[in-house]
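Secondary and tertiary structure notes
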Amino acid sequence: MERLGTGIGWRPEIADAVERMPGIDWVEAVAENVCPGHLPESLRRLRERGVTVVPHGVSLGLGGADRPDETRLAALAERAEELGSPLVTEHIAFVRAGGLLTASPRLEAGHLLPVPRTRDALDVLCENIRIAQDALPVPLAVENIAALIAWPGEEMTEGQFLYDLADRTGVRLLIDVANLHTNHVNRAEDPAKALAELPLEAIAYVHVAGGFERDGVWHDSHAHPVPEAVLDILTDLASRISPPGVLLERDENFPEPTELERELGAIREALEKGRARRETQTGRPATAPHDSAEPDGPTAPQDSTAPQHSKTPDGSEAAQSSTTVEPPADTTAARQRLALAQTALLSALVAGTPVPEGFDRVRLGVQARALAGKRADVVAKVAPELPHILGQTYRPAFLAYAQRHPMTGGYRQDALDFAGHLLSTGHPENAAARRHLHTWRLDRSSPTPPTHRPTTRLARATRKVLLRR
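Computed from a prediction, not measured in an experiment: that's the story for all the values here.

Let's talk about the overall build of the chain
The secondary structure content of the chain amounts to 16 helices and 14 strands. Expressed as a percentage of its 469 residues, the buried residues of the chain come to 51%. Look at the contacts in the chain between residues 6 or more apart in sequence, and 72% of them connect residues 24 or more apart. Total accessible area on the chain stands at roughly 21,400 Å², and carbon and sulfur atoms take up 53% of it.

Have a look at this one:
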């Protein structure tokens, strides 16, 4: 696996700072925010300097019941080729549910939701990953996600689930140590146990990020400093293996560049502490951080030709080969069962339907409010005119709308649907604001790209009204 080194998530808001930041070996860009043929100049300059850029997808939904969408896969492949990336990454999550498999309306979460750690979900995920691997021009790595909720009746731990996934598909793993911390707080899962069960040789790189705790729930915000607890998990990982790459994620509430550099320094210190611990454990010099991805010390896996062992749900050990080759399974029935379960959960979260049996109602309420809040925040970003037009009434109006109107398309369509709902109910009450909102919606609904010139916007809106008459 290619050595990546130390990196940071590239975001437009900190693009200039990232370019000037010392010691940045690579960056990661959200794949859906990169347009092939129209790369941001900052990314282009980084590429010209030889900085590796990895596209990180967020909308594929590999953990969903449906097979991966061919259009989304083609778009991810195109971005990998445009950026000359050595690999692409996505998440072990589902982001939508409903549709043909359940004969119900399609629902969008607008967020990464956990898949149940069951044999059904694993079979479906393995097939979806094989489909994605066949469609992509470079290797795929998939990331463990943070979760506020736990599925009832799970059959495996996270480490066992990831081990079997990598063993059956050969997929690489993107291990997010911040997500391991989140699951420790929210689901009482031991990060050290998860690391001990992982196939360390499959790790492509590592994510590090911050969050915050409120009322006993950890929120993986990517908008706060990295806590010591997350750095401790990184140190534990580095005491077992020299990670091929480590990346700092920050998506909002961006601090001064010096603060980001300080966090990168803390990450390097955690890696060095882990390397020193590995030296002590083995009694010999540990592999230098950028030399090898092979695990070292007592947690190293056995010889690749020997049978590996993982814990089965009943606690016994089952031998399995690290070079398992299995025939494709018929996942039709598993997809149907998974589709029904995921649709029931997502519907409870975004449409107010009854909570499925076995779930924590209080925790589902926390997740539902978090989803609605994130939805309001993202709509405000993709359509900043809405908060401008509505002022302080924007957020309460959107949250009230979200309670009864699940998202069925992307965030841009969600913004249009919200505006249409307000207008159809006689809002906003201020006549000037209502006219402004009406004009904005007509402008954004047009196949012609929106313009910032008021006279052009008004002429276009008037023409559309006349044509409709």
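There is more to say after this.
Description of the pairing of strand S1 (residues 5-10)
Across the 6 residues that make up S1, a large majority, 6, are buried. In this fold, S1 hands off to helix H1 (residues 15-20), which returns the chain to strand S2 (residues 26-30); that crossover is right-handed.

Section: the nonpolar core
With 72 residues, the main nonpolar core has Val27, Leu140, Val142, Leu165, Val208 and Leu234 as its most contacted residues. Apart from residues lying up to four places away in sequence, leucine 165 is in contact with Ile92, Leu122, Leu125, Cys126, Ile129, Val142, Gly170 and Val171. Of all hydrophobic cores here, the second largest spans 21 residues; its members include Ala383, Ile389, Tyr394 and Met407.

Some points on the pattern of salt bridges
Per the counting criterion, the structure on display carries 25 salt bridges. The salt bridge involving glutamate 41 is made with arginine 44; its shortest N-O contact spans 3.7 Å. In this pair, glutamate 41 and arginine 44 both sit in helix H2 (residues 41-48), 3 residues apart, roughly one turn of the helix. Salt bridges sharing common partners tie together Arg117, Glu154, Glu158, Arg187 and Glu189.

Here's the deal with the environment of methionine 156
Mapped onto the elements, methionine 156 comes out in the loop between strand S7 (140-143) and helix H5 (158-169). Look at methionine 156 and you get buried, because its relative accessible area is 6%.

Re the packing of aromatic side chains
If you walk through the whole model with that rule in mind, you get 7 aromatic pairs. Ring centres of phenylalanine 398 and tyrosine 401 lie 5.7 Å apart, and the angle between their planes is 55°; this geometry places the pair in the tilted category. With phenylalanine 398 and tyrosine 401 both in helix H13 (residues 394-404), this residue pair falls 3 residues apart, about one helical turn. On the basis of relative accessibility, which here comes to 4%, the residue tyrosine 401 falls in the buried class.

Digging into the packing of helix H11 (residues 361-382) against helix H14 (residues 411-424)
Remark: H11 packs on H14, axes separated minimally by 9 Å, with the N-to-C direction vectors making an angle of 90°. With respect to H14, the axis of H11 lies roughly perpendicular. Taken together, the residues of H14 that come into contact with H11 (itself represented by Lys374, Arg375, Val378, Val379 and Val382) are Tyr411, Arg412, Asp414 and Ala415. Class assignment for the residues of the contact of H11 with H14 results in 5 nonpolar, no polar and 4 charged.

Details of helix H3 (residues 70-83)
Here H3 spans 20 Å end to end across 14 residues, near enough to the 20 Å set by a 1.5 Å rise per residue. Residues Leu73, Leu76, Ala77, Arg79, Ala80 and Leu83 constitute the buried set of H3. With its buried residues spanning 160° around the axis, H3 presents them on a single face. For H3, the exposed residues set more than 90 degrees away from the buried face come down to Glu70, Thr71 and Glu81. Looking at the packing, one finds that the buried side of H3 touches H2, strand S3 (52-56), strand S4 (88-91) and helix H4 (119-135). With a side-chain oxygen positioned 3.0 Å from the backbone nitrogen of threonine 71, the residue opening H3 is aspartate 69.

So, the side chain of histidine 222
Note that histidine 222 resides in the loop between strand S11 (217-219) and helix H8 (228-238). Classification of histidine 222 by relative accessible area gives buried; the value is 10%. One polar contact links histidine 222 to aspartate 220, side chain to side chain, over a distance of 3.2 Å. Every residue in contact with histidine 222, bar those within four places of it in the chain, is listed here: Ala209, Gly210, Glu249, Arg250, Asp251 and Glu252.

About the cut-offs
- Residues numbered from 1 in each chain as written.
- Predicted model: local features only at pLDDT ≥ 70, side-chain atom pairs only at ≥ 80, totals over all residues.
- Heavy atoms only, no water.
- Helix = DSSP H or I, 4+ residues; strand = E, 2+ residues; numbered from the N terminus.
- Buried < 20%, exposed > 50% of the residue type's maximum accessible area, 1.4 Å probe, protein only.
- Contact = heavy atoms within 4.5 Å.
- Areas by Shrake-Rupley, 256 points an atom, 1.4 Å probe, with all protein chains shown as cover.
- Right-handed = clockwise from strand over helix to strand, strands pointing away.
- Core = buried A, V, L, I, M, F, W, Y, C linked by side-chain atoms within 4.5 Å.
- Salt bridge = Lys/Arg side-chain N within 4 Å of Asp/Glu carboxyl O.
- Phe/Tyr/Trp six-rings, centres within 6.5 Å; stacked < 30°, edge-to-face > 60°.
- Axes fitted to C-alpha atoms, helices over the stretch in contact; angles between N-to-C directions.
- Parallel < 35°, antiparallel > 145°, perpendicular 65-115°, else oblique.
- Nonpolar A, V, L, I, M, F, W, Y, C, P; charged D, E, K, R; others polar.
- Expected span 1.5 Å × (residues − 1).
- Arc of directions from axis to C-beta.
- Polar contact = N/O pair within 3.5 Å; in protein donor to acceptor, adjacent residues only side chain to side chain.

Taken by themselves, the reported measurements are silent on function.
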